[in-house]
Amino acid sequence: MTHLVASDLDRTLIYSTAALDLTMPDAHAPRLLCVEVYERKPLSYMTETAAAALAALATATTFVPTTTRTRAQYGRIRLPGPVPEFAICANGGELLVRGESDPGWRRGVERRLAAECATLDEVRAHLVRTADPAWLLKERTAEDLFAYLVVDRPLLPDAWVKELSVWAEARGWSVSLQGRKLYAVPAPLTKSAAVAEVARRVDATEVLAAGDSLLDADLLLAAGRGWRPGHGELADAGWTAPHVTALAARGVAAGEEIIRAFGEATA
């Protein structure tokens, strides 16, 4: 059996300081490996145990980082093990092959979005018009495909998020709130579609997947087996599927457990 392992990165395999969720005394905390530096400061981590297991996994099978990050944001990450031949960025909008964007894949994505949902300009204008400066910190677009806001989470009204979700759904878009970032993403822009293309190219017979957010649900549903951590949007919503294991572990410990599960499943 040929396995393809597709995993979300942030808050699934790698964790910022705020997301580590270390509950043990400092003297018993796991040793951490920094895997991302931003503006000359450490930003994201894995446990050293998880890092060693990921290096072994990426050597033995096809490991595909599958992220909502832009190509530039993904490029800051230095995962242990061999550099992945394939990586998926922008929630499936960019397929990287040996570090280079596949132009044919990108053209196909653009055609589908133009045919099936409202434009980025319309959605971005709505976000800017309805967001309150009291809690809006930044407004950005990613790869000219989707938009996101950086927000002051405690001040963000739940009612506004719900209203936005309804408005977006009617226009073929979805909304996901992950930490301080609120994403508005075209519904046809999916990680699962890009992973299916990689699986076709490598002739994989089974896809294994992991993720923590609503933007990972399609990836998990399309996989043969999946795992989600005990934190994140999916856990908060009680989201499950028969072939998806809902872990109790949270934070960086969940990342270690997910990589261990990948290793056992592909052994």
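Everything below is about the structure printed above this text.
What counts and how
Residues numbered from 1 in each chain as written. Predicted model: local features only at pLDDT ≥ 70, side-chain atom pairs only at ≥ 80, totals over all residues. Heavy atoms only, no water. 1 Å grid on protein atoms, 1.4 Å probe; cavity = no way out; pocket = protein on both sides within 12 Å on 5 of 7 lines; lining within 4 Å. Points joined across faces, edges and corners; volume = space filled by probe spheres on them. Helix = DSSP H or I, 4+ residues; strand = E, 2+ residues; numbered from the N terminus. Buried < 20%, exposed > 50% of the residue type's maximum accessible area, 1.4 Å probe, protein only. Pairing = 2+ DSSP bridges. Right-handed = clockwise from strand over helix to strand, strands pointing away. Contact = heavy atoms within 4.5 Å. Axes fitted to C-alpha atoms, helices over the stretch in contact; angles between N-to-C directions. Salt bridge = Lys/Arg side-chain N within 4 Å of Asp/Glu carboxyl O. Parallel < 35°, antiparallel > 145°, perpendicular 65-115°, else oblique. Left-handed = near helix turned anticlockwise from the far one by under 90°. Nonpolar A, V, L, I, M, F, W, Y, C, P; charged D, E, K, R; others polar. Phe/Tyr/Trp six-rings, centres within 6.5 Å; stacked < 30°, edge-to-face > 60°. Lys NZ or Arg CZ within 6 Å of the ring centre and 35° of its normal.

1. What about the layout of surface pockets?
- For the largest pocket, the calculated volume is near 1000 Å³.
- Lining the largest pocket are 30 residues, and of these Asp10, Leu43, Arg69, Arg180 and Lys181 sit closest to its centre.
- Elements with a minimum of two residues in the lining of the largest pocket: β2 (15–16), β3 (32–38), β4 (41–47), β9 (136–142), β10 (146–151) and β12 (181–186).

2. Here we look at the pairing of strand β13 (residues 206–210)
- Among the five residues of β13, five are classified as buried, and the element is accordingly described as predominantly covered.
- Neither face of β13 is open: one carries Glu206, Leu208 and Ala210, the other Val207 and Ala209, and all of them are buried.
- Bridge analysis of strand β1 (residues 3–7) against β13 gives five bridges, and the strand direction is parallel. For Val5, the partnering residue across the bridge sits in β13 and is Leu208.
- Pairing of β13 with strand β14 (residues 225–228) involves three bridges; the strand directions are parallel. When the sheet's bridge partners are listed, Ala210 is paired in β14 with Trp227.
- In this fold, β13 hands off to helix α7 (residues 217–222), which returns the chain to β14; that crossover is right-handed.

3. What to know about the sheet that holds strand β8 (residues 100–101)
- With antiparallel pairing, three strands are arranged side by side in an open sheet as β6-β7-β8. Two strands close off the open sheet at either side, each with one partner strand: β6 (86–89) and β8.
- Looking at chain direction, strand β7 (residues 94–97) and β8 are connected through two bridges and run antiparallel. Note that in β8 the partner of Val97 across the bridge is Glu100.
- Its contacts with the sheet put helix α6 (residues 191–202) on β6 and β7, and the angle it makes with β6 is roughly 165 degrees.

4. Comments concerning the pattern of salt bridges
- Evaluated as defined, the whole model comprises 20 salt bridges.
- As a salt-bridge pair, Arg69 and Asp10 come within 2.7 Å of each other at their nearest N and O atoms. In this pair, Arg69 is assigned in the loop between β5 (62–65) and α2 (71–75) and Asp10 in the loop between β1 and β2, connecting sequence segments 59 residues apart.
- Using a relative accessible area of 9% as the deciding quantity, one classes Arg69 as buried.
- In this structure, the salt-bridge partner of Asp102 is Arg201, at a minimum N-O distance of 2.8 Å. With Asp102 in the loop between β8 and α3 (103–116) and Arg201 in helix α6, this residue pair connects regions lying 99 residues apart in the sequence.
- Taken together, the salt bridges that share partners define one network made up of Arg71, Glu94, Arg106, Glu110 and Glu143.

5. Side note on the packing of helix α1 (residues 48–60) against helix α9 (residues 251–266)
- Running from N to C, α1 and α9 cross one another at 30 degrees; their axes reach a closest spacing of 9 Å. The angle between α1 and α9 places the two elements in the roughly parallel class. Crossing of α1 against α9: the hand is left-handed. Taking contact as the criterion, the partners of Thr49, Ala50, Ala53, Leu54 and Leu57 in α1 are, on α9, Glu256, Ile259, Phe262, Gly263 and Thr266.
- Residues of the contact of α1 with α9, tallied by class, amount to six nonpolar, three polar and one charged.

6. Comments concerning the sheet that holds β1
- Pairing is parallel across the open sheet formed by five strands, whose spatial order is β5-β1-β13-β14-β15. The open sheet has two free edges, formed respectively by β5 and β15 (244–246), since each of these has just one partner strand. Shown here is a sheet whose adjacent strand axes are inclined to one another by a mean of 15 degrees, direction ignored.
- Two strands pair when backbone bridges link them, and β14 and β15 are joined in this way by three bridges, in the parallel orientation. For Arg228, the partnering residue across the bridge sits in β15 and is Ala246.
- Those strands touched by α6 are β1, β5 and β13, and its axis lies near 155 degrees from that of β1.

7. Re the packing of aromatic side chains
- If you walk through the whole model with that rule in mind, you get four aromatic pairs.
- Between Tyr148 and Tyr183, the ring centres sit 5.6 Å apart and the planes meet at 40 degrees, which makes this aromatic pair tilted. Highlighted residues: Tyr148 in strand β10 and Tyr183 in strand β12, separated in sequence by 35 residues.
- Classification of Tyr148 by relative accessible area gives buried; the value is 9%.
- Three or more aromatic residues joined by ring pairs make a cluster, and in this case those are Phe146, Tyr148 and Tyr183.
- Its guanidinium or amino end placed over the ring of Tyr38, Arg76 lies 4.2 Å from that ring's centre, counting from NZ or CZ.

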